[in-house]
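# Overview (structure and organization)
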Amino acid sequence: MRIAVDPKYLIVFLITLVLVVGEARYGILGGYQRLATTLGVCVATELLLSWWLRGRVANVASAYITGISLALLIKPQANMLWPFALGAFLAIASKYVLTYHGRHLWNPSNFAIALLVLIASDSVAILSHQWGNDLGTNLVIWAFGLVIAWRARVLHVTLTYVACFVVFAVLRHFLVGGPLLAEIAPITGPMYQLFVFFMVTDPRTTVSTPRGRMIVVAIVALVETLIRLAGDYQLALLRPFYVSPPILALAMVGPLAMLWDLRRTALRA
Amino acid sequence: MIAWRRSIVIAAFVAAIVAVVVLNARAAGSVAGASATIRLTEVAHASGIDFVHQAPALDPKIANVAPHVGALGACVSVADVNNDGWPDLYFTTSRFGASNALYLNQKDGTFRDVSREAGVGSVNLPGEGVSMGAVWGDYDNDGFEDLLVYKWGYPQLFHNRGPGRFEDVTAQSGLKRWMNSNGAVWFDFDRDGLLDLYITGYFRSDIDFWHLTTTRIMQHSWEFATNGGKNLLFKNLGLGHFKDVTDSLGVGSTRWTLAVTAADFNDDGWPDLYLANDYGPEELYLNHEGKHFELARAGLSDDSKSGMAVALGDVYNRGEHDVFVTNISEKGFLFQGNNLRLNFLKELGRFDEVATGPVADAGWAWGAQFGDLNNDGLLDLVVANGFISGDSAHDYWYAMSKIAGAQGNIFEDAKNWPPIGSASLSGYERSRVLLNRGQAGFVDVAQEAGVTDRLDGRAVAMADLFNRGVLDVIIANEKGRVLLYKNTFPLSRRERGAGGEDSRRERGPGGEGWVEFKLVGTRSNRSAIGAEVTVEFGSGRQRQVVDGGMGFCSQNDRRLHFGLGGQGLGKVTIRWPSGTQQILTGLAIDHLHVVTEPQ
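Residues numbered from 1 in each chain as written. Chains lettered and ligands numbered in written order. Predicted model: local features only at pLDDT ≥ 70, side-chain atom pairs only at ≥ 80, totals over all residues. Heavy atoms only, no water.

## Things to note about the overall build of chain A
- Scanning chain A from N- to C-terminus turns up eleven helices and four strands.
- Scaling as 2.2 N^0.38, a compact globule of 269 residues should have a C-alpha radius of gyration of about 18 Å, and chain A matches this with 18 Å.
- The C-alpha extent of chain A, read off along each of the three principal axes, is 55 × 50 × 50 Å.
- Across the 269 residues in chain A, those meeting the buried criterion constitute 58%.
- Long-range pairs, those at least 24 residues apart, make up 75% of the contacts in chain A with a sequence separation of at least 6.
- A total accessible area of about 10,800 Å² is found for chain A, and carbon and sulfur atoms account for 71% of it.
- Charged side chains of chain A number 20 positive and 10 negative; the gap between the two group centres comes to 10 Å. (Helix = DSSP H or I, 4+ residues; strand = E, 2+ residues; numbered from the N terminus. Rg over C-alpha atoms; globule rule 2.2 N^0.38 Å. Buried < 20%, exposed > 50% of the residue type's maximum accessible area, 1.4 Å probe, protein only. Contact = heavy atoms within 4.5 Å. Areas by Shrake-Rupley, 256 points an atom, 1.4 Å probe, with all protein chains shown as cover. Lys, Arg positive; Asp, Glu negative; His and termini not counted. Charge placed at Lys NZ, Arg CZ, Asp CG, Glu CD.)

Structure follows, in structure tokens:
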């Protein structure tokens, strides 16, 4: 007998695995108060706003995923808790405020992190090397992630993005010079694990067709490459963007794609 | 109904964004100063010091990262080399053929470089390596401070045979081991009265930077790297001989140690070692009666950053050695934050990290030292910042961020690093002068105090250079000139009216009284390195240690300086390295006390 598992819970399992492995091996959280803050605020905001605006209490699985993502990704100045609290509130609230035809446009954690790195760069940075740079751990996460992405039927999104990233990395290598491995290196890091398994694949903020999703993530990878080239060529105006190219590329491309898709669907209807 | 409810949510959403902007602005502005009670004036050139550090030229195989790898080696160490009662200064440079400098204090506000006559300048030679720093210590207890120069290459030990005459005794000392070292400390770990030596390894010792056989020389992790050079502990056997006892004592860390200092952190009477490690957590090795060291947990292993310097200070006058370790912060990319760890080892078995605001975020911070710059009875903090000041239109941070999160086997190989070229990497950062306001915390007063340089600071040392009862600050800069900040705060009313106890010492500026101690060991090592002085004044007591190396590539003056903050001087307790405890009462203030260890 085959037991059907809601893909959402597979994602919950995967991000919990990332959290446990990262914390046990590397102390990646930097303090449990950070996790408690983001999880607490995310869940409380989800419960409150769903009841307040929709008259029913929402399932908190999504808020749980967002809370853990934020706890892992936000790396603020010493001993600051407010980026976690406000980031968590803004992430969940964006689902209720920034909507079109009843659908929210941004992946919640992507929205919050992009906003924080853009308007609070004196206080907030993003996860980079706080993962030990250890191949074994990353292979475990990638293996589980790929299997779960397959079960959740979003593997095509993940693989398309990874393939596009590698192609654009080779292109950047020829454009700007420097070692090829330096261009490919970012995708071997922990931020990208969270990005390719939890952000670009979010079914609530991706377009409706598999082909469309693949095109969208290809565009995300392209915009990311443009941001990276801005970093390579030191375009000062875009400096706020090249601290975290994939996050900001998705924050720009994702909502536009959603708008286009929702509008097209509405017109057809 | 839904509409107004939604309006409330939208208002809360906007309010949260506004709150982010406001709180972020507050964080950015947290380094703003307050009314300064510290005044420093840069007088290096006027004092005859025009020393400029030169960076090493490395094997072309790592040309793509050479400005990054080779951005070390500017050091300052203080000692009274000729026993004339005035502190002298030693600076290192790191280019083959360039000379280190020994500046003798001329007692008139100027210094004179005597390195050529003394024979301690010409040490940067092909086949021998280049200087990365130096520490002074009287290893043979003959009454003259000897000099250890640690290098990327062979360390060199110079025996001070008398005022101004040094002899290179490395060959017979047992210290001639190729190391890529950026730190060392003299301390008497077994309390036998002879100074032992702990030399740290940064890059592996099999790496010769001028004849590389591989480019796999970098760290394999940015947070948990253990592939650095091995630290070595040399026991002083007497008669100028040292023996490697690293493994039997258990202190051979390979965690890319950049700085080390020694003190008795847990009050068991034995000096411990505190390491600031790049790409890894700090380490505290507790000394068990000189027989072996144990790596203490003490809450340090939970917090892995990029330790650059370790400075000790009794921050809140609790009678403890608190620890300040510098780290890296760069807007948008990385907020490691400096660590200010309050010592609760005896009570809780750990340190509590309490750094916030300007203490936590000073930029890419390097050397640091505590010292009471305004004699108010609280230890202030000077932090030197900035890594590579190159072409300010080109920033290496983005390029470095490509590999920072990657797999270790990629960036362990230097050839995979993006070329840095002439780019800056946290360049043109200013030094910080952090005024200690007690429970009100530290505030950055650098601008108001007159410290405005934007050189790539490395080593910081403090000394009462002109025997005035105030601490002056010396900063050695990478590929830059030395800065000598003379303490020039106006005389306080009390001090203007006070009579001098010692006619040789002009009345000092700033604050409300002071007392200094020069300690001379007898049963302990003659330099009294490791001796601790606890001065009671008002309701507090401040504890300091005579250091054999502290900060980053630096060493403060042997003489300990205490500001009294206008309060009466109470009991003074000296704990000598031998274990002897000496209590002094009724001492005069505004006075340097020379104390010899009771036999």
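## Regarding the interface of chain B and chain A
- Chain B puts 55 residues into the contact, and the matching count from chain A is 59 residues.
- Taking both partners together, chain B and chain A bury about 4,900 Å²; carbon and sulfur atoms supply 62% of that area.
- Put simply, chain B and chain A have five salt bridges between them.
- Measuring nitrogen to oxygen at the nearest pair gives 2.8 Å for the salt bridge that ties Asp232 of chain A to Lys402 of chain B.
- Our enumeration of links across chain B and chain A arrives at 21 residue pairs in polar contact (both at pLDDT 80 or more).
- For the side of chain B that touches chain A, the secondary structure elements donating two or more residues are α1 (2-28), β24 (334-335), β29 (391-395), α8 (397-404) and α9 (408-411) of chain B.
- Looking at the side of chain B that touches chain A element by element, the count peaks at 18 residues for α1 of chain B.
- Classifying every residue of the side of chain B that touches chain A gives 33 nonpolar, twelve polar and ten charged. (Buried area = accessible area lost by both parts, 1.4 Å probe. Salt bridge = Lys/Arg side-chain N within 4 Å of Asp/Glu carboxyl O. Polar contact = N/O pair within 3.5 Å; in protein donor to acceptor, adjacent residues only side chain to side chain. Nonpolar A, V, L, I, M, F, W, Y, C, P; charged D, E, K, R; others polar.)

## Description of the packing of helix α9 (residues 190-199) of chain A against helix α11 (residues 245-268) of chain A
Residues and elements named next belong to chain A.
- Two numbers describe how α9 lies on α11: the axes approach to 10 Å, and their chain directions differ by 25 degrees. When the interaxial angle is binned, α9 and α11 end up roughly parallel. On α11, the residues touching Met191, Tyr192, Phe195 and Met199 of α9 are Pro246, Ile247 and Leu250.
- Looking at side-chain class alone, the contact of α9 with α11 contains seven nonpolar, no polar and no charged residues. (Axes fitted to C-alpha atoms, helices over the stretch in contact; angles between N-to-C directions. Parallel < 35°, antiparallel > 145°, perpendicular 65-115°, else oblique.)

## Things to note about the packing of helix α4 (residues 82-97) of chain A against helix α5 (residues 108-119) of chain A
All names here are of chain A.
- One can describe the packing of α4 onto α5 by two numbers: an axis separation of 8 Å at closest approach and a directional angle of 130 degrees. If you check the angle between α4 and α5, you find them oblique. The two elements α4 and α5 cross, and the hand of that crossing is right-handed. Along the contact surface, α4 presents Pro83, Gly87, Leu90, Ala91, Ser94 and Lys95, while α5 presents Pro108, Ser109, Phe111, Ala112, Leu115 and Leu116. (Left-handed = near helix turned anticlockwise from the far one by under 90°.)

## A short note on the sheet that holds strand β33 (residues 456-463) of chain B
Residues and elements named next belong to chain B.
- In space, the four strands of this open sheet follow the order β1-β35-β34-β33, with antiparallel pairing throughout. On the outer flanks of this sheet lie β1 (40-42) and β33, each paired with one strand and no other. Direction aside, neighbouring strands of the sheet carry axes that sit 25 degrees apart on average.
- Direction of pairing for strand β34 (residues 472-478) relative to strand β35 (residues 483-487): antiparallel, over a ladder of three bridges. Considered in β35, the bridge of Val473 is made with Tyr485. (Pairing = 2+ DSSP bridges.)

## What about helix α7 (residues 155-176) of chain A?
Residues and elements named next belong to chain A.
- With 22 residues, α7 extends 31 Å from end C-alpha to end C-alpha; this agrees with the ideal 32 Å at 1.5 Å per step.
- The complete set of buried residues in α7 reads Val157, Thr158, Thr160, Tyr161, Cys164, Phe165, Phe168, Ala169 and Arg172.
- One or two residues past the end of α7 sits Gly177, with phi positive at roughly 80 degrees. (Expected span 1.5 Å × (residues − 1).)

## Observations regarding a nonpolar patch on the surface
- Taken together, Leu171, Leu175, Tyr233, Leu235, Leu237 and Leu238 of chain A make up a surface patch of nonpolar side chains, about 620 Å² in accessible area.
- A relative accessible area of 49% places Leu175 of chain A in the partly exposed class. (Patch = residues over 30% accessible without salt bridge, like charges linked within 9 Å, V, L, I, M, F, W, Y side chains within 5 Å.)

## Details of the pattern of salt bridges
Residues and elements named next belong to chain B.
- Taken as a whole and judged by the stated rule, the model has 43 salt bridges over all chains.
- Glu145 is the salt-bridge partner of Arg558, the closest N and O atoms lying 2.7 Å from each other. A residue pair is termed long-range when its members are at least 10 positions apart, and Arg558 in the loop between β39 (554-555) and β40 (560-563) and Glu145 in the loop between β6 (129-137) and β7 (146-153) qualify at 413 residues. Comparing Arg558 with Glu145, the two get one shared label, buried.
- The closest approach of N and O atoms between Arg458 and Glu478, which form a salt bridge, is 3.9 Å. Remark: Glu478 occurs in strand β34 and Arg458 occurs in strand β33; sequence separation between them is 20 residues. Like Arg458, the residue Glu478 is buried in the burial classification.

## Side note on the confidence of the model for chain B
- Summary statistics for chain B give a mean pLDDT of 93 and a share of 95% for residues scoring 70 or more.
- In this model, residues 492-510 of chain B is a region of pLDDT below 50 whose contacts with residues beyond four sequence positions or in other chains number 53 contacts. (pLDDT = per-residue confidence, 0-100.)

## Re the pairing of strand β2 (residues 75-79) of chain B
Residue and element names in this part refer to chain B.
- Most of β2 is tucked away, with five of its five residues classed as buried.
- By the alternation rule, side chains of β2 split into Cys75, Ser77 and Ala79 and Val76 and Val78, which are all buried.
- As judged from the five bridges shared by β2 and strand β3 (residues 88-92), these two strands associate in the antiparallel manner. Across the sheet, the residue bridging to Val76 is Phe91, located in β3.
- By the bridge criterion, two bridges tie β2 to β39 in an arrangement that is parallel. Residue pairing across strands places Val76 opposite Ser554, the latter belonging to β39.

## So, the pairing of strand β12 (residues 196-200) of chain B
Residues and elements named next belong to chain B.
- Counting buried positions along β12 yields five of five residues, so the element is predominantly enclosed.
- Burial of β12 is two-sided: the residues Asp196, Tyr198 and Thr200 facing one way and the residues Leu197 and Ile199 facing the other way are all buried.
- Taken together, the five bridges between strand β11 (residues 183-187) and β12 define a ladder with antiparallel strand orientation. By the bridge assignment for β12, Val185 is matched with Tyr198.
- Direction of pairing for β12 relative to strand β13 (residues 232-238): antiparallel, over a ladder of three bridges. The residue bridging Tyr198 from the neighbouring strand is Leu233, located in β13.

## Looking at a positive patch on the surface
All names here are of chain A.
- On the surface, a cluster of positive charge is made up of Lys8, Arg54, Arg56 and Arg204.
- Here Lys8 is to be found in helix α1 (residues 7-26).
- The exposure class of Lys8 is partly exposed, given its relative accessible area of 32%.

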